[in-house]
Amino acid sequence: MSNSVTVVISAAGLGTRLGLNRPKALVSVAGRPLLEWQLEMTRAIDRIVVVVGFRAQEVVSLVRGIRPDALICLNHEFATTGTAASVARGAETASDWVLSLDGDLLVDPTDLYELIASPSSCLGLVPVVSTAPVYATVDDGVVTGLSQDEETPWEWSGLVKLRRTEAAALGRGHVFEGMKPSLPMAYRGIHCVEVDEVEDLARAKAWIESTPRMREYAG
Amino acid sequence: MTSDPDGGTVFLFDFDGTITATELLPVIAAEVGLAREIGELTAATMAGEVLFDASFRRRVDLLAEVPVARVAEIVTEMPVLEQLVKWIKSRRSECWIVTSNLDCWVRPWLDRHGLEGFTSRSNMRSGRVAVEHILRKESVLRRFPGRRTVMVGDGANDAELISEATVGIANAIVHDVPPVVLEVADYLVMDEGTLCRTLSRL
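In what follows, the accompanying structure is described.

What counts as what
- Residues numbered from 1 in each chain as written.
- Chains lettered and ligands numbered in written order.
- Predicted model: local features only at pLDDT ≥ 70, side-chain atom pairs only at ≥ 80, totals over all residues.
- Heavy atoms only, no water.
- Buried < 20%, exposed > 50% of the residue type's maximum accessible area, 1.4 Å probe, protein only.
- Helix = DSSP H or I, 4+ residues; strand = E, 2+ residues; numbered from the N terminus.
- Pairing = 2+ DSSP bridges.
- Core = buried A, V, L, I, M, F, W, Y, C linked by side-chain atoms within 4.5 Å.
- Contact = heavy atoms within 4.5 Å.
- Buried area = accessible area lost by both parts, 1.4 Å probe.
- Salt bridge = Lys/Arg side-chain N within 4 Å of Asp/Glu carboxyl O.
- Polar contact = N/O pair within 3.5 Å; in protein donor to acceptor, adjacent residues only side chain to side chain.
- Right-handed = clockwise from strand over helix to strand, strands pointing away.

Looking at the pairing of strand β4 (residues 47–52) of chain A
All names here are of chain A.
Then comes step 1: Counting buried residues in β4 gives five out of six residues, a clear majority hidden from the surface.
Then comes step 2: Direction of pairing for strand β1 (residues 5–11) relative to β4: parallel, over a ladder of six bridges. Its bridge partner lying in β4, Val 8 is registered against Val 49.
Then comes step 3: The pairing of β4 with strand β5 (residues 71–74) spans four bridges and is classified as parallel. Bridge pairing in β5 links Val 52 to Leu 74.

Right, here's the structure in full:
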């Protein structure tokens with residue numbers, strides 16, 4: 001199946017900036033853990049890989065209760081490597097395409113599925129909101145640059161569809177650095193919220209409550 | 001056993017709790033009314049709470065008088081992970097079972113299914129089964145020098161092989177794996193279909 005997509009969720013991180021002493025994946029937003037939102041939203045996808053590391057057993061137990069058919073990939077170097085290491089590990093046994101979803105990102109399901117259906121590698125972009133964004137330079141309908149220095153109106157959200165080979169070659173640091181060889185790349189504007197700091201929790205709750213498609217998955 | 005020295009990936013599988021749906025010894029123990037004792041001792045050993053060798057010798061001693069032919073019967077009746085066994089048989093020449101369980105108890109099952117394996121060695125003394133040599137699972141890799149290896153297991157005594165194989169898969173289909181296995185595995189599966197699909201892609 002040349003078009004089949006594996007969703008790879010990077011849930012290995014510590015979430016230290018949230019200061020809640022638990023993996024970010026297990027932090028509750030609007031009444032349920034982040035990872036639970038992501039797993040409920042991706043039920044229509046056959047192949048799910050969840051990359052775990054920090055407090056792996058707790059995250060595994062959560063996954064077992066929702067998607068026991070998910071493949072768990074263990075990134076033991078979660079404390080010393082960037083997200084790219086998680087995505088690359090998760091992509092090793094994937095199908096032809098990988099949809100890489102950061103563990104701290106809630107995406108509008110409409111946008112998620114449209115990105116999954118994209119015929120080529122594709123970045124999910126948002127108008128700049130973060131304090132330390134990965135700016136995306138857009139030129140003639142494609143993304144030609146990704147950088148933390150060159151200010152542009154768009155930032156990369158943390159959601160991207162890549163070929164398995166591109167995902168497996170991302171390296172061990174930042175995903176945006178690892179993606180540079182794949183540029184120029186197509187993009188879609190998406191709606192999402194990133195849960196990084198404590199202040200984001202209330203913002204995420206408000207976003208969920210005001211996003212109709214999210215309410216569908218509220219259970 | 002013919003193996004192409006320049007061949008592809010070698011797939012290794014624990015027996016009790018990975019191929020079989022439950023541990024074998026507690027089921028044998030039911031024959032002599034020792035199911036509870038053996039069950040508790042087995043569970044503690046698989047969880048890594050008790051060291052394997054002494055525990056295994058003790059359990060074999062408790063079961064020494066169960067006729068070997070009866071054990072062979074019990075083993076053939078044990079529920080197995082059917083999809084996994086089917087996968088293994090489809091890749092028969094690349095797969096080996098690696099079990100610390102006794103040859104006299106497990107080999108009849110292996111022979112019946114046409115599979116190769118490494119086991120512990122037993123001997124008979126006055127009609128009682130005894131442990132002659134416990135398999136050192138880690139030594140199995142030395143039989144496949146230079147080969148890419150994949151190990152699938154679920155108990156604490158699989159941890160070293162899961163760690164040293166090229167790819168280690170923690171089998172959590174039937175129960176959670178102990179922390180020592182989680183610390184060294186590359187992958188963990190909770191579903192038979194996912195395990196088989198992953199093996200096919202390795």
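So, the nonpolar core
Then comes step 1: Trp 156 and Met 179 of chain A together with Phe 13, Trp 105, Ile 169 and Leu 199 of chain B are the most contacted members of the largest nonpolar core, which totals 74 residues.
Then comes step 2: The element contributing the most residues to this core is helix α6 (residues 103–113) of chain B, with five residues.
Then comes step 3: Beyond its immediate chain neighbours, meaning those up to four positions away, Leu 199 of chain B contacts Phe 11, Phe 13, Leu 84, Trp 87, Val 150, Val 152 and Ile 169 of chain B.
Then comes step 4: Core analysis: the second largest hydrophobic core is formed by 70 residues, Ile 66, Ala 70 and Val 107 of chain A together with Val 181 of chain B among them.

Focus on the interface of chain B and chain A
Then comes step 1: Listed as interface residues are 20 residues of chain B and, on the opposing side, 22 residues of chain A.
Then comes step 2: Both faces considered, chain B and chain A share a buried interface measuring about 1,800 Å² in area, 51% of it formed by carbon and sulfur atoms.
Then comes step 3: Ranking the residues of chain B by area buried against chain A places Tyr 187, Met 190 and Arg 201 of chain B at the top, with a combined share of 39%.
Then comes step 4: Scanning the region where chain B abuts chain A turns up two salt bridges.

Observations regarding the environment of Ser 95 of chain A
Then comes step 1: Mapped onto the elements, Ser 95 of chain A comes out in the loop between α3 (83–91) and β6 (97–102).
Then comes step 2: On the accessibility criterion, Ser 95 of chain A (3% relative accessible area) is buried.
Then comes step 3: The contacts of Ser 95 of chain A, once residues within four sequence positions are left out, are Ser 4, Val 5, Thr 6, Arg 47 and Arg 164 of chain A together with Arg 201 of chain B.
Then comes step 4: Only 3.1 Å separates the side chain of Ser 95 of chain A from the backbone oxygen of Ser 4 of chain A, close enough to count as a polar contact.
Then comes step 5: One polar contact links Ser 95 of chain A to Thr 6 of chain A, side chain to side chain, over a distance of 2.8 Å.

A look at the pairing of strand β2 (residues 95–102) of chain B
All names here are of chain B.
Then comes step 1: Most of β2 is tucked away, with eight of its eight residues classed as buried.
Then comes step 2: Judged by which residues are buried, β2 turns out to be covered on both faces: Cys 95, Ile 97, Thr 99 and Asn 101 on one side and Trp 96, Val 98, Ser 100 and Leu 102 on the other are all buried.
Then comes step 3: As paired elements, strand β1 (residues 10–13) and β2 share three bridges and run parallel to each other. Each bridged residue has a counterpart across the sheet, and for Phe 13 the counterpart in β2 is Ile 97.
Then comes step 4: Bridge count for β2 against strand β3 (residues 116–125) is four bridges, and the pairing is parallel. Following the sheet pairing, Val 98 is matched in β3 by Phe 118.
Then comes step 5: Handedness of the crossover is the feature at issue here: the chain leaves β2, passes through α6, returns alongside β3, and the resulting connection is right-handed.

So far we have only geometry, and geometry alone does not tell us how the molecule works.
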